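Understanding the architecture of this molecule
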Amino acid sequence: MGKKEKHEATRQALHELQVELAGLQKHLIKSSKKVLVIFEGRDASGKDGTIKRIVEHLSPRETRVVALGKPSDRDQKSWYFQRWVPHLPAGGEIVLFNRSWYNRAGVERVMGFCSNEEYDEFLMTAPLFEQLLAHCGVTILKYYLDISRTEQKRRLKDRRDDPLKQWKLSPIDDTATKHWDDYSVARNEMLARTHTPFAPWTVVRADDKSEARLNVIRDFLTRFDFDGKDRARDLPDPNLVFLYDKAAVTNGLISE
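Only a predicted model underlies this, so the values are computations on that prediction, with no experimental measurement involved.

1. Quick word on the layout of surface pockets
Approximately 340 Å³ is the volume found for the second largest pocket. Around the second largest pocket, the lining residues are Lys3, Lys6, His7, Thr10, Arg11, Leu14, Arg53, Asp208, Ser210, Arg213 and Leu214. When contributions to the lining of the second largest pocket are tallied by element, the ones reaching two or more residues are helix 1 (3-31) and helix 9 (209-222). Of all the elements, helix 1 adds the most residues to the lining of the second largest pocket, at 6 residues. A class-by-class count of the residues in the lining of the second largest pocket yields 2 nonpolar, 3 polar and 6 charged.

2. Quick notes on a negative patch on the surface
On the surface, Glu117, Glu118, Asp120 and Glu121 cluster together into a negatively charged patch. With respect to the element layout, Glu118 can be found in helix 5 (residues 116-135). The class for Glu118 is partly exposed, based on a relative accessible area of 33%.

3. A look at helix 8 (residues 180-194)
A rise of 1.5 Å per residue sets the reference length of helix 8, with its 15 residues, at 21 Å; its end C-alpha atoms lie 21 Å apart and thus fit the reference within 8%. Inspection of helix 8 places Trp180, Tyr183, Ser184, Ala186, Arg187, Met190, Leu191 and Thr194 among the buried residues, and these make up the whole buried set. Residues of helix 8 that are buried in the fold lie against helix 4 (107-111), helix 5, strand 4 (138-146), helix 6 (149-161), helix 7 (173-176) and strand 5 (201-205).

4. Observations concerning the nonpolar core
Leu36, Phe97, Trp101, Tyr102 and Phe122 are the most contacted members of the largest nonpolar core, which totals 31 residues. Every element with two or more residues in this core is listed here: strand 1 (34-41), strand 3 (94-98), helix 5, strand 4, helix 8 and strand 5. Take this core: its biggest share by element is 6 residues, from helix 5. Residues in contact with Phe97, not counting those within four places in the same chain, are Leu36, Val37, Ile38, Phe39, Val66, Trp84, His87 and Leu88. One finds Ile51, Ala206, Ile217 and Phe220 within the second-largest nonpolar core, a separate group that totals 29 residues.

5. Notes on the sheet that holds strand 6 (residues 241-243)
One open sheet holds the 6 strands; their spatial order is 2-3-1-4-5-6, and the pairing between them is mixed. The open sheet has two edge strands, strand 2 (63-66) and strand 6, and neither has a second partner. Here the average twist between neighbouring strands, direction ignored, is 20 degrees. Note that strand 4 and strand 5 share 5 bridges and pair parallel. In the sheet register, Asp146 faces strand 5, and the bridge partner there is Arg205. Here helix 8 sits on the sheet and contacts strand 4 and strand 5; the angle it forms with strand 4, its principal contact strand, is near 155 degrees.

Cut-offs used in this document
- Every chain begins its residue count from 1, and numbering advances along the sequence as written.
- Residue-level local features of this predicted model are given only where pLDDT is at least 70; pairs of side-chain atoms are given and counted only at 80 or more, and the full residue set underlies all totals for whole chains, interfaces and linings.
- Excluding hydrogens and water, the side-chain figures rest on all heavy atoms present in the structure.
- Here the term cavity refers to a set of points on a 1 Å grid, laid over the protein atoms alone, in which a 1.4 Å probe fits but cannot get out; the term pocket refers to an open set having protein on both sides within 12 Å along at least five of seven lines, with lining residues being those that place an atom within 4 Å of a point.
- Grid points are joined across faces, edges and corners, and a volume is the space filled by probe spheres set on the points.
- By definition, any uninterrupted DSSP run of H or I lasting at least four residues is a helix, any uninterrupted run of E lasting at least two residues is a strand, and each is numbered from the N terminus.
- Note that Gly is not counted as nonpolar here; it falls among the polar residues with everything else outside the nonpolar set of Ala, Val, Leu, Ile, Met, Phe, Trp, Tyr, Cys and Pro and the charged set of Asp, Glu, Lys and Arg.
- Residues form patches when they are more than 30% accessible in relative terms and have no salt bridge. Like charges link within 9 Å. Nonpolar side chains (Val, Leu, Ile, Met, Phe, Trp, Tyr) link within 5 Å.
- Areas reported as accessible are Shrake-Rupley estimates using a 1.4 Å probe. Residue values count occlusion only from the protein chains shown.
- Counted as salt bridges are all cases of a side-chain nitrogen of Lys or Arg within 4 Å of a carboxyl oxygen of Asp or Glu.
- Counted as positive: Lys and Arg. Counted as negative: Asp and Glu, with His and the chain ends omitted from the count.
- Every charge is mapped to an atom, namely NZ of Lys, CZ of Arg, CG of Asp or CD of Glu.
- Here's how the labels work: a residue is buried when its accessible area is under 20% of the maximum for its type, exposed when over 50%, partly exposed in between, all with a 1.4 Å probe on protein chains only.
- Here a helix's expected span is defined as the number of its residues, less one, multiplied by 1.5 Å.
- Any two residues whose heavy atoms approach within 4.5 Å at even a single point are treated as in contact.
- Definition of nonpolar core: a set of buried residues of the types Ala, Val, Leu, Ile, Met, Phe, Trp, Tyr and Cys, connected through side-chain atoms within 4.5 Å.
- Two strands make a pair as long as DSSP finds a minimum of two bridges between them.
- Interaxial angle, 0 to 180 degrees, is taken between N-to-C directions of lines fitted to C-alpha atoms, where a helix line uses only the stretch in contact.

Here's what the structure looks like:
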């Protein structure tokens with residue numbers, strides 16, 4: 001398949017999935033379901049683009065994207081999870097977190113923005129917090145978008161060179177590749193300590209942006225049963241999207 005044909009096939013597949021997403025949203029509104037989708041991953045792993053394709057044709061009234069900035073002085077004096085609580089979904093809503101409380105297990109840990117005690121407390125309490133949310137009727141889907149070191153370097157260079165992507169630049173970008181190994185250690189610890197039956201991690205191999213986006217949406221749709229669901233639709237590729245398993249770190253499914 002040539003480049004043009006592949007692009008058209010991807011566009012058509014995305015359109016069909018977005019139509020099905022709209023049908024799913026009708027079901028969630030009617031049944032008053034609360035859905036929280038968390039996206040994590042290294043810098044330039046494709047979180048923005050994946051979220052954009054999910055919400056593009058959903059009702060903005062029942063769909064929210066949350067990307068919180070640097071915590072304020074008051075946030076730093078509050079219960080760690082407190083600033084995310086007002087953004088949690090109400091009945092009938094889909095809320096997507098573009099990064100989340102897992103900042104503490106990633107950038108805060110690597111860059112020294114939290115103490116060892118705060119880090120340890122987070123890894124202990126995050127599963128408890130998520131268990132409470134699940135008990136109270138929130139469906140939690142957690143996606144970790146994983147990319148290779150080479151792909152991250154390429155995307156960060158593209159980000160710096162493209163005047164339309166300047167808004168994505170941050171001082172942290174300059175240290176992303178320098179601290180690659182530190183982020184790998186932090187990622188592995190986070191996944192191992194916070195992967196639970198009520199809020200499991202789904203890993204997405206995201207070097208190919210288009211395939212990652214399609215497969216995340218396919219996986220998302222498999223999590224719900226609703227009228228009009230296309231049961232003949234392609235399932236997510238298990239080589240690209242899979243539940244976290246410690247073995248994936250050692251067998252190369254997750255980047256080193």
